[in-house]
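A closer look at the structure
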Amino acid sequence: MTEGIAPALRPFEAIGRRTLEIVEALGRFGAFFGVAVALAFTPPFRLRAFVSRIHYIGFNSLLIILLTGTFTGMVLGLQIYFTLSRFGSEAYLGPAVALSIIRELGPVLSALMVTGRAGSALTAEIGIMRITEQIDALTVMALNPMRYLVVPSLLAGLVTFPMMTALFDTVGIFGGYLVGVQLLGLSEGTYFGEMKTFVDMSDIMTGFWKSLSFGVIVTWVATYKGFHVGHGAEGVARATTQSVVLASVLILVWDYFMGSVLP
Amino acid sequence: MIRVEGLTKSFGGNRVLRGVDLEVPKGSITIIIGRSGGGKSVLLKHLIGLLRPDSGRIFIDDVDITRLTGRTLEPVRSRYGVVFQSGALFDSLTCYDNVAFPLREKSRLSAKEIGVRVDAALEQVELTGVGPKYPAEISGGMRKRVAIARALVSEPEIVFFDEPTTGLDPILVNTIHRLIQTLHRKFHFTAVMVSHEIPEIFEIADRVAMLYEGRIVETGPPHAIQSSTNPVVQKFITGEPDEKPSF
């Protein structure tokens, strides 16, 4: 390949080749999503697989969401209380905790938690199906494996992520209440009353749109990496790691983008 | 009938198939033999439509399947049954559900009719009673037999077997071969099998094709292959090692 190229130009040739590979990979990644979306709107619809994926991604992540949500709220309650107390503004603890969780931490942390638990498992499951020829078996039965494995996961992500986020928000605010009211002595009326004043529907919708888009990102990345796994157990392990890292990075990048666009 | 003409396939710079020509008569058991890593499974994946060749054509009853993609390939695939090397059973489903899967997805049979067909298929492979078990709970030989039951339950015209006896002990190898022979006599499907179980395959094959260095170097009935004067064929069937080991 490099034989006919002058030595001085070889670094550029390598950069060009790498660029082409990246563009090609991005194209495959986008086309994969396009096909999945098209299949989502064409029958037959796999209702049972969809419900099963909701259980797999959502229900099985409940405990970790409850735990991380509660402790995130408690930490926020503690830190924000001490910060506000320096200015004599402890009364604003409720809205500060609620806004931080509803607008930002709820969607982001619940998405990261579900990525670690369900996204990695999804990649590993589909990857193992790939290397053990189960996906080939679906194909030769004249059944589209994307319809069976990818579409139900994407749709389940759309449904479960906002629900997980709502749950995270609720227990997070309760965690802040535990520390602020029960431990540090702020009045209950102040904690919740000020929250009602400062938190409005646009804040809740910001969190909702973020969680919805994170649901797509995580399941898209997880299923894509599972589908395009390398060889053997090492290939599955690598794909699973890449899936978690890529999904986590995309969540944070997309969060910034959404945060700067949404009101 | 299956006809392969001038099939070539490379992966990176590695030329795996270098012009394969092969004919598989309708209703026969044709077994493709050759060294491990010699491209047998790659050839089979082309026949199934899982890989696309760099050049060459594959005809299934005069339909060139190398020109078909996606949905246009589905009617051809509906005529296939495939037994994969690993069995490729869905490990989230029980053995019963694995066998029932193609019928539930592709036929309009009622649950009762599917039940009758699945029970019959499991009985044919002598696995009555294993239906409720998951693939992980049964032995390798049993998994292969469930895979055969799943491949045959929709009564395909053509069945592909990718090394169906790999990793089994000699008794199980013969059991699986006899099972394939019995089922073939009963259902009259065209069978294409990739194997290197020498000499066991000569018992069940109607035709044997030897793949060597990306080409079919000899084809014929088992006795003709066994008495072939081609040194490559003789070396393979007698198991004569390389002068310099390839490992």
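We now turn to the structure provided with this report. (Residues numbered from 1 in each chain as written. Chains lettered and ligands numbered in written order. Predicted model: local features only at pLDDT ≥ 70, side-chain atom pairs only at ≥ 80, totals over all residues. Heavy atoms only, no water.)

1. Description of the sheet that holds strand β3 (residues 29-34) of chain B
Residues and elements named next belong to chain B. To keep it simple, the criterion reads: We treat two strands as partners when DSSP finds at least two bridges between them. Think of it this way: any DSSP run of H or I at least four residues long counts as a helix, any run of E at least two long counts as a strand, and we number them from the N terminus. Between the N-to-C directions of two axes lies an angle of 0 to 180 degrees, each axis being a line fitted to C-alpha atoms and, for a helix, fitted only over the stretch in contact.
Across the sheet, 6 strands lie side by side as β6-β7-β8-β3-β9-β10; this open sheet has mixed pairing. If you trace the sheet from one side to the other, it starts and ends with β6 (80-83) and β10 (215-220), each paired once. Geometrically, the sheet is characterised by an average inter-axis angle of 15 degrees between neighbouring strands, direction not taken into account. The pairing of strand β7 (residues 158-162) with strand β8 (residues 190-194) spans 5 bridges and is parallel.

2. As for the interface of chain A and chain B
Threshold: What makes two residues a contact is simply this: any of their non-hydrogen atoms within 4.5 Å. As used here, buried area is the combined drop in accessible area, with a 1.4 Å probe, of two parts when they are placed together. Each reported salt bridge corresponds to a side-chain nitrogen of Lys or Arg within 4 Å of a carboxyl oxygen of Asp or Glu. Distance and chemistry together define a polar contact, namely a pair of N or O atoms within 3.5 Å, with one atom able to donate a hydrogen and the other to accept it when in protein, and with adjacent residues in sequence counting only for side-chain atoms on both sides. All amino acids are sorted into three groups, where Ala, Val, Leu, Ile, Met, Phe, Trp, Tyr, Cys and Pro are nonpolar, Asp, Glu, Lys and Arg are charged, and the leftover types, Gly among them, are polar.
Facing the 15 residues of chain A at the interface are 21 residues of chain B. In total, about 1,500 Å² of surface goes out of reach between chain A and chain B, with carbon and sulfur atoms giving 60% of it. Summed over the shared surface of chain A and chain B, the number is 1 salt bridge. At the junction of chain A and chain B, the tally comes to 6 residue pairs in polar contact (both at pLDDT 80 or more). Of all the secondary structure elements, the ones that give two or more residues to the side of chain A that touches chain B are α5 (134-140) and α6 (145-183) of chain A. Broken down by element, the residue count for the side of chain A that touches chain B peaks at 6 residues, all from α5 of chain A. Grouping the amino acids of the side of chain A that touches chain B by side-chain chemistry returns 8 nonpolar, 3 polar and 4 charged.

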